[in-house]
Amino acid sequence: MPADQSKSSSRAWQRMLSGRRLDLLDPSPLDVEISDIAHGLARVARWNGQTSGDHAFSVAEHSLIVEDIALALKPDLPPHWRLAVLLHDAPEYVIGDMISPFKAVMGGDYKVVENRLQGAIHLRFGLPAELPQTIKKLAKRADIICAYYEAVELAGFDEVEAAKIFGAPRGFKPDGETPKRLGLTPLPASEAQSAFLQRFEEIENLIQLVKNGKKVAR
């Protein structure tokens, strides 16, 4: 095998549309761009694409809903932790969304790469590389609640099966006319991308307001 081919086969970085080259084994916060994250997450399908609708239900859309659920669970959540929740699945813009059964098969190596990416993403946007346990637990709780509704509304699960796997949502009630549904509708990738970027910018603006000593609303 030629030397240049050998080097190419062992490449551990990915070139992003922004022009950044992100090393998966040693990711630098300087190579993380929100435009790349939004673009990637809007094109990564939840449930391996096994959802109803004309479009895949993207990780970008999922992230927006999880952040909204987290706010419903804790309305006084400070903006920088809102950002942490919004970015809870951000590494998937590089490594994709592996379903839980496959993660279990993959074992620890997957988590090592995921955690390194998550730490770099956090540092890039002014968050601690390792989040406090309270925020991790809140994000996880909101994530599981969202997964339950995705399972029932989009992925073909009935409520009994979804409750058995994810647990029935507690402490959270959807708004609207159908109290047992979120009314999930998979968005086209371009719309999910724009919505994710818009929410990111809104939270960033709230963070700046807090830094300037002003009170912020939801």
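Each remark here, short or long, concerns the structure printed above.
Residues numbered from 1 in each chain as written. Predicted model: local features only at pLDDT ≥ 70, side-chain atom pairs only at ≥ 80, totals over all residues. Heavy atoms only, no water.

A. Just the packing of helix 3 (residues 59–73) against helix 10 (residues 189–211), in detail. Where helix 3 meets helix 10, the closest approach of the two axes is 8 Å, and the angle between their N-to-C directions is 40°. With respect to each other, helix 3 and helix 10 are oriented oblique. Classified by chirality, the crossing of helix 10 by helix 3 is left-handed. Mapping the contact onto sequence places Ala-60, Ser-63, Leu-64, Glu-67 and Leu-71 in helix 3 and Ala-192, Ala-195, Phe-196, Arg-199 and Ile-203 in helix 10. (Axes fitted to C-alpha atoms, helices over the stretch in contact; angles between N-to-C directions. Helix = DSSP H or I, 4+ residues; strand = E, 2+ residues; numbered from the N terminus. Parallel < 35°, antiparallel > 145°, perpendicular 65-115°, else oblique. Left-handed = near helix turned anticlockwise from the far one by under 90°. Contact = heavy atoms within 4.5 Å.)

B. Summary view of the nonpolar core. Formed by 58 residues in total, the largest nonpolar core has its most connected members in Ile-37, Leu-87, Tyr-93, Phe-125 and Phe-196. At the level of elements, helix 2 (34–41), helix 3, helix 4 (79–86), helix 5 (92–95), helix 7 (108–124), helix 8 (133–153) and helix 10 are the ones that each hand at least two residues to this core. The element contributing the most residues to this core is helix 8, with 10 residues. When neighbours within four sequence positions are excluded, Ile-37 is seen to be in contact with Val-32, Ala-90, Tyr-93, Ile-121, Phe-125 and Phe-196. (Core = buried A, V, L, I, M, F, W, Y, C linked by side-chain atoms within 4.5 Å. Buried < 20%, exposed > 50% of the residue type's maximum accessible area, 1.4 Å probe, protein only.)

C. Representation of unusual backbone geometry in the model. Residue Trp-47 is not a glycine yet carries a positive backbone phi of 60°. Looking at the secondary structure, you find Trp-47 in the loop between helix 2 and helix 3. Even without being glycine, Asn-48 reaches a positive phi, approximately 55°. Checked against the element boundaries, Asn-48 lands in the loop between helix 2 and helix 3.

D. Quick peek at the packing of helix 4 against helix 10. The contact between helix 4 and helix 10 brings their axes to 8 Å, and the two run at 155°. Between helix 4 and helix 10, the angle falls in the class roughly antiparallel. Crossing of helix 4 over helix 10 shows left-handed handedness. When helix 4 is examined against helix 10, the residues Pro-79, His-80, Arg-82, Leu-83 and Leu-86 are found in contact with a partner set consisting of Phe-196, Arg-199, Phe-200, Ile-203, Glu-204, Leu-206, Ile-207 and Val-210. Of the residues contributing to the contact of helix 4 with helix 10, the split by class is 9 nonpolar, 1 polar and 3 charged. (Nonpolar A, V, L, I, M, F, W, Y, C, P; charged D, E, K, R; others polar.)

E. Summary view of helix 10. In this model helix 10 runs 33 Å from its N-terminal to its C-terminal C-alpha over 23 residues, within 8% of the 33 Å that 1.5 Å per residue would give. Burial in helix 10 covers these residues: Ala-192, Gln-193, Phe-196, Arg-199, Phe-200, Ile-203, Leu-206 and Ile-207. Summarising the contacts, the buried residues of helix 10 are in contact with helix 2, helix 3 and helix 4. Gly-213, located one to two residues past helix 10, shows a positive phi value of around 80°. (Expected span 1.5 Å × (residues − 1).)

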